[in-house]
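# Understanding the architecture of this molecule
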Amino acid sequence: YASATEGGYGVVESVMLPMRDGVKLSTDVLVPLHLGKPGKQFPTVIDRSPYGHTGTELVADIYLLWYGAATVTQDFRGSGESEGNFSLWHTASNDTADTIAWIREQKWSDGRVFTVGASADGIASLLVPLDETSKLSGQFIIFATAEAYNTIYPGGAYRAAL
C-alpha cells in the first residue's frame, strides 16, 4: 500500500476488527484522499471476501474511491489474515452486522453503508440480517445465488464440483 497514497487514496486503517464472539477479522479502510480535507466523511462500501481482501477485490474497491466512497475490505473468518474457522457463510450475518455497526461509529463514515459483491462476496451481502437491511443505503450483488444451500448441497449432498 505504500504507493497507494500517490494515486489519491490511502489506507486509513488496517485493523483486526473484533466480532461479537471475540474472533478478529482482517479489515482495511480506504478513503478518497483526492476529494476532501482531513476529517471529511464519506459513504462506505463493504466488500467481505473469502478470497483475500488485498487481491482482486482491492482493485475493484479502489475504483470506487474515485466516485467518493470509502471502502472497507474484510477477509471472512478463517480466510486470508482473519482469525477463526471458515465455515462458508454460517457467521456472515453477524459478522456483517458487526462490521456495519463499527463503520457507523467511525469518524470517516457519513452513516451511509452499501454492500457489494460477486460470487461468495455477493452471497455474504445477501445474508445481511433483516434488521440491518433497513440501515443499508443499497447493495450491488452479481453472480450470487440467494439459495446457497441448494446450490452447494443439492439434495443434501455436498457438490464437490464447486
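Let us look at the structure shown here. The structure presented is a predicted model; accordingly, all values stated were derived computationally and were not measured.

### Observations regarding the nonpolar core
- With 17 residues, the main nonpolar core has Val29, Val31, Ile100, Trp102, Ile103, Trp108 and Val113 as its most contacted residues.
- Those elements giving two or more residues to this core turn out to be β2 (24-31), β3 (42-49), β4 (70-75) and α2 (92-104).
- In this structure Trp108 touches Val12, Glu13, Val29, Val31, Lys40, Gln41, Phe42, Thr44, Ala70, Val72, Trp102 and Ile103, once residues within four positions along its chain are discounted.
- Counting residues in each nonpolar core, the second largest holds six residues, with Phe76, Trp89, Ala92 and Ala120 among its members.

### Some words on the pairing of β4
- With six of six residues buried, β4 is to be regarded as a mostly interior element.
- Of the two faces of β4, the one carrying Ala70, Val72 and Gln74 and the one carrying Thr71, Thr73 and Asp75 are both buried.
- In the sheet, β2 pairs with β4 via four bridges, with the strands oriented antiparallel. Residue pairing for β4: Asp28 is matched across the bridge by Thr73.
- Bridge count between β3 and β4: six bridges; the pairing is parallel. Its bridge partner being in β4, Asp47 is matched across the sheet by Thr73.

Reading the values: rules and limits
Numbers given for residues are sequential positions, taken from 1 along each chain in its written order. Reporting of local features is limited, given that this is a predicted model, to residues whose pLDDT is at least 70; pairs of side-chain atoms are given and counted only at 80 or more, and all residues count toward the totals for whole chains, interfaces and linings. The basis for every side-chain value is the complete set of non-hydrogen atoms in the structure, without hydrogens or water. Only buried residues count toward a nonpolar core. Its members are Ala, Val, Leu, Ile, Met, Phe, Trp, Tyr and Cys residues joined through side-chain atoms within 4.5 Å. Working definition: with a 1.4 Å probe on protein chains only, accessible area under 20% of the residue-type maximum means buried, over 50% means exposed, and in between means partly exposed. The numbering of helices and of strands both runs from the N terminus, where a helix is a DSSP run of H or I of at least 4 residues and a strand a run of E of at least 2. Should any heavy atoms of two residues lie within 4.5 Å, those residues are considered in contact. Strand pairing requires that DSSP identify at least two bridges connecting the strands.

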